Amino acid sequence: MLLFESDKKQTKQKLLVRYTEFQAIVLCGYGNRLYPLTEDNNLPKALLPLANKPMLHYVLDWLERSGITDVIIISGSSGEHKIGHYIKVVYEGKLKPNLEVIKEDVGTADALRAIKDKIKNDFIVISCDLVLNLPPHQFLNLHRTRDPTFTALYYEPNKSEGVGGSGNNYKDDNSKQYVGVDTSQSRLIYVASGADLDQEFSLRMSLLWKFPRVNIHTTLQDSHLYIFKRWVIDLIAQKKVISSIREHLVPLLVKCQYQKNLLEREGIDKLAKSHENHQKTALEYSATWDEKDKEPVYCQVYIYNTGFCGRGNTVPKYCDLNRHMTKFSTESRVSPSAEVNAKTQVGSDSLVGNDTKIDERTSIKRTTIGSHCIIGKNVKISNSILMDDIIIEDNVKLDGCIVCNNAKIMEKSVLKDCEVGGGYVVVTETQAKNEQLVEFRDLS
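As annotated in an unreviewed UniProt entry, the protein chain carries the name Translation initiation factor eIF2B subunit gamma and is attributed to Rhizophagus clarus. Under the UniProt heading Subcellular location (unreviewed entry), the note attached to the protein chain is "Cytoplasm, Cytosol".

Quick look at the structure:
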């Protein structure tokens, strides 16, 4: 009798097991192009504030709205403690992401290879620095409709206002991208970087025979948001030369759509056929079944140009992203716990965080100020980002600056388009323009 009840219970538990359609992988890289913001004495890229909330907050919110429940966050060892603390203690969403720590300075595909045994289903890959207004279901439903090898999101970048940061960082992380699309099928059929091309732009005849109508775009950018079939992780595991998703994996799969020899030489046709596809099996019994659905590789693109989409992967882009998020933030412009003198002006395009104190005759315009900051008298701050626990003494002027955690700027200093590293002290009456003010570290 006891055995019978136990068997019954196990059967019931099996019936209650919920099928997971997608897993989500959030890539939290170091952020080399965000130096000195991502130094050890400040924050990992994933936790840099946008409108006083970590970048990671917006990614997890998007995934939660998508209905995804199985989320893996990949971080290097340098961000393990701070990101782990955020997930366990600070994050208030409904998701319960798992943190996987890998070695530093690896490519995006290398990062996926490091956790390949954790990936059991079709999977979403998203960068921690992506913010977008696109409702998740629109992107997911396009993928569900065609069931391709992968779906990638490309977007038209918003015009940069060009304000903020020293300008010593990369102006842009990519050269011009050439993106070829068959719009009749929302199909991605060509990707190349301008730096990789010869002086003349050309297309293979095999591509043109299969896709006679190609729209070539030069303004689109890869958002680093993808949905992949499960077998793609096996391809990455087998091909160690695939280090980057954007630079290696996506171009390889795109070419396999019209280069049969490449498809067979790399064994991709066998990989694709070896995995059971429940949706394709169902489609074969449908009146809408089409021969093209039998193609081993089908690369799909979603072009997003009707709303906001941006990445914060360089200092100028981070400033633009923060400015946008601050402008449209629904939070109180001044936190109820902040103390702002009645003779101080805080613009409607600014935010002031928790427990921050601002003295009299100070002006704050187009600026985000974090928590527990102390700002003195007659201070002028515009177009800037101040993180947490910062001290700004009297008569300081900041324009287009980023000030990291625990920094101190002493009286009568004037800084324009500068980045002040975590814990750095700017001495009295410093005059600086277009500089990175950071602590010297002896690496010997």
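This brings us to the pairing of strand S8 (residues 150–155). Across the 6 residues of S8, 6 count as buried, placing the element largely inside the fold. Of the two faces of S8, the one carrying Phe150, Ala152 and Tyr154 and the one carrying Thr151, Leu153 and Tyr155 are both buried. Here S8 pairs with strand S12 (residues 221–228) via 5 bridges, running antiparallel. Bridged to Tyr155 within S12 is Gln221.

Taken as a whole, this structure holds 7 aromatic pairs when the rule is applied. Relative to Phe201, the ring of Tyr190 lies with its centre 5.6 Å away and its plane at 85 degrees, an arrangement referred to as edge-to-face. One end of the pair, Tyr190, is in strand S10 (residues 187–193); the other, Phe201, is in the loop between S10 and helix H6 (205–210), and 11 residues separate them in sequence. A relative accessible area of 36% places Phe201 in the partly exposed class. An aromatic cluster of at least three residues, connected via ring pairs, comprises Phe123, Phe150, Tyr226 and Phe228.

This part covers the pattern of salt bridges. Counted by the stated rule, this structure contains 20 salt bridges. Of the charged contacts, one joins Asp61 and Arg65 as a salt bridge, the two residues approaching to 3.1 Å between their closest N and O atoms. On the criterion of helical spacing, the pair formed by Asp61 and Arg65 is a turn pair, its members being 4 residues apart in helix H2 (residues 55–66). Classification of Asp61 as partly exposed rests on a relative accessible area of 32%. Here Glu295 makes a salt bridge to Lys210, at a shortest N to O gap of 3.1 Å. Placement of the pair is Glu295 in the loop between helix H11 (278–283) and strand S13 (299–304) and Lys210 in helix H6, with a sequence separation of 85 residues. One salt-bridge network, in which partners are shared between bridges, spans Lys45, Asp129 and Arg311.

As a further point, take the nonpolar core. As a rule of thumb, soluble globular proteins bury nonpolar side chains together. Counting residues in each nonpolar core, the largest one holds 79 residues, and the members touching the most others are Val26, Tyr318, Leu398 and Leu415. Among the elements that line this core, the one with the most residues is H2, at 7 residues. Domain assignment of the residues forming this core places at least three in each of domain 1 (23–161 + 173–325) and domain 2 (332–437). Not counting chain neighbours up to four residues away, the residues in contact with Val26 comprise Leu56, Val59, Leu63, Val71, Ile72, Ile73, Ile74, Ile126 and Cys128. Membership of the second largest hydrophobic core comes to 43 residues, among which are Val181, Ile236, Ile245 and Cys299.

Looking now at the packing of H2 against helix H5 (residues 136–146). Two elements in contact, H2 and H5, have axes whose closest approach is 9 Å; the angle formed by their N-to-C orientations is 60 degrees. Looking at the two axes, H2 sits oblique to H5. Considering the relative orientation of H2 and H5, their crossing is right-handed. Here Trp62, Arg65 and Ser66 of H2 lie close against H5, whose contacting residues are Pro136, Phe139 and Leu140.

Note on helix geometry: an α-helix contains 3.6 residues per turn, so any two residues three or four positions apart are oriented the same way. Summarising burial for helix H8 (residues 245–255): 8 of the 11 residues are buried, a large majority. The set of residues buried in H8 consists of Ile245, Arg246, Leu249, Val250, Pro251, Leu252, Leu253 and Val254. One side-chain oxygen of the residue at the start of H8 lies 3.3 Å from the amide nitrogen of Arg246, identifying that residue as Ser244.

On to the confidence of the model for the protein chain. Considering every residue of the protein chain, the mean pLDDT works out to 90; 86% of them sit at 70 or more. Ignoring residues within four places in sequence, the model shows residues 170–174, a span with pLDDT below 50, making 11 contacts including any to other chains.

What counts, and at which threshold
Residues numbered from 1 in each chain as written. Predicted model: local features only at pLDDT ≥ 70, side-chain atom pairs only at ≥ 80, totals over all residues. Heavy atoms only, no water. UniProt positions renumbered as here; feature names shortened; annotations may be inferred. Buried < 20%, exposed > 50% of the residue type's maximum accessible area, 1.4 Å probe, protein only. Helix = DSSP H or I, 4+ residues; strand = E, 2+ residues; numbered from the N terminus. Pairing = 2+ DSSP bridges. Phe/Tyr/Trp six-rings, centres within 6.5 Å; stacked < 30°, edge-to-face > 60°. Salt bridge = Lys/Arg side-chain N within 4 Å of Asp/Glu carboxyl O. Core = buried A, V, L, I, M, F, W, Y, C linked by side-chain atoms within 4.5 Å. Domains from an automatic or database assignment. Contact = heavy atoms within 4.5 Å. Axes fitted to C-alpha atoms, helices over the stretch in contact; angles between N-to-C directions. Parallel < 35°, antiparallel > 145°, perpendicular 65-115°, else oblique. Left-handed = near helix turned anticlockwise from the far one by under 90°. Polar contact = N/O pair within 3.5 Å; in protein donor to acceptor, adjacent residues only side chain to side chain. pLDDT = per-residue confidence, 0-100.

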